[in-house]
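# Coordinate inspection notes
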Amino acid sequence: MKLSVCSGGYTRFFIHDSSEALRYYANLGYQAIDLSIDNANEGLLDDPDGSHAKTIKKVAKECNLWLYQAHAPGANEPTNPKLAKDLAKAIEVCGYLEIENLVIHPFMTEDISQAIPLNVEYFSQFIPLLDKTGVKLCAENLGNFNDVHHHFKTAEMLNALVDKFGKKYMRVCWDTGHGNLTNQDQYENVTKIGSNLGCVHVHDNYYPIFVPGEQYAFDAHNFPLFGNINFDAFMQALIDINYKGTFNLETDTPNRRGHRDFVYNGEVTLKLKPIPFEIRRRSDEMLFYIGKYMLETYGLWED
Ligand SMILES: [Zn+2]
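Rules of the game
Residues numbered from 1 in each chain as written. Predicted model: local features only at pLDDT ≥ 70, side-chain atom pairs only at ≥ 80, totals over all residues. Helix = DSSP H or I, 4+ residues; strand = E, 2+ residues; numbered from the N terminus. Axes fitted to C-alpha atoms, helices over the stretch in contact; angles between N-to-C directions. Parallel < 35°, antiparallel > 145°, perpendicular 65-115°, else oblique. Left-handed = near helix turned anticlockwise from the far one by under 90°. Contact = placed C-beta atoms within 7 Å. Nonpolar A, V, L, I, M, F, W, Y, C, P; charged D, E, K, R; others polar. Pairing = 2+ DSSP bridges.

## Considerations on unusual backbone geometry
Notably, Asn-64 is not glycine yet its phi reads approximately 55 degrees, a positive angle. Examined against the element boundaries, Asn-64 turns out to sit in the loop between α3 (51-62) and β3 (66-71).

## A look at the packing of helix α9 (residues 186-193) against helix α10 (residues 231-240)
Direction vectors running N to C along α9 and α10 enclose 20 degrees, while the axes themselves pass 8 Å from each other. Regarding the angle of α9 to α10, the classification is roughly parallel. α9 and α10 meet at a crossing whose hand is right-handed. For the pair α9 and α10, the contacting residues are Gln-186, Tyr-187, Val-190 and Thr-191 in the first and Ala-233, Phe-234, Gln-236, Ala-237, Leu-238 and Asp-240 in the second. Looking at the contact of α9 with α10 residue by residue, the class counts come to 6 nonpolar, 3 polar and 1 charged.

## Some details on the sheet that holds strand β6 (residues 170-175)
The strand order across the open sheet formed by 8 strands is β7-β6-β5-β4-β3-β2-β1-β8, and the pairing between neighbours is parallel. Taken across any chain shown, the strands that pair with only one partner, and hence form the sheet edges, are β7 (197-201) and β8 (247-249). Ignoring strand direction, the axes of neighbouring strands in this sheet form an average angle of 30 degrees. Relative to β6, strand β5 (residues 136-140) is paired through 4 bridges, and the arrangement is parallel. Looking at β6, one finds that Glu-140 is bridged to Cys-173.

The structure is reproduced here in structure tokens:
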């Protein structure tokens with residue numbers, strides 16, 4: 001299984017240029033990329049002559065990186081015309097870059113009975129584009145431990161959405177961190193998703209089993225093995241369903257997430273907010289070895 005990382009970990013913090021991100025991750029040993037089209041600074045949603053996408057294609061080839069999946073822009077705004085426009089553009093970009101899987105966030109509804117019809121109706125507008133490009137939408141599991149309105153937390157709901165929308169056009173993206181925050185069993189859910197699993201978002205956090213409280217449980221996107229997800233359960237599930245996609249890390253550590261300002265001499269002090277490049281580079285290097293270790297331990301590492 002190829003080791004992948006999302007490009008947004010680089011483009012969000014340093015240079016807003018995906019081709020630079022591709023070179024950076026290839027140098028660290030990563031074999032595949034999850035292209036963060038959701039990142040507004042990526043430039044791919046506003047690329048009238050296609051030159052940005054062209055450069056990405058060229059660099060990915062040079063660096064021998066597999067562009068296996070991308071992340072679409074997402075907001076819980078089904079009536080926002082800009083979102084529909086951006087999603088259409090993201091599908092076209094994926095088609096051009098031969099990215100098979102485009103991750104989308106299913107919309108939330110107050111009433112669970114409306115969750116599947118609303119999402120099926122909304123995403124149906126893109127079917128002609130999906131036919132043209134061959135791209136599959138991957139519905140991601142979302143939600144939080146105190147979030148009562150997000151209905152797409154379980155394999156059952158995600159599979160039901162895929163069944164209704166059509167397997168020809170839709171798959172599932174299982175996010176380990178969101179699964180943990182909604183207290184889902186990783187093995188049970190991933191094996192139930194089975195052949196519907198298109199791609200994964202691997203990262204860690206702390207579900208408040210031991211210390212209940214919001215401050216300990218948030219969508220931290222920590223490195224795997226830095227939280228309380230049982231990754232043995234997740235790895236075994238990938239094997240048992242014969243998953244053929246990439247092992248994609250969706251982390252963004254280190255990232256200072258202060259909740260309480262420190263005001264000193266009348267000014268908010270954020271001296272430690274910018275993380276120096278060298279710390280991040282070493283972190284991304286360590287992240288690579290964590291991913292490699294996980295794959296090797298389960299006999300899944302591929303050169
Ligand atoms: Zn995710």
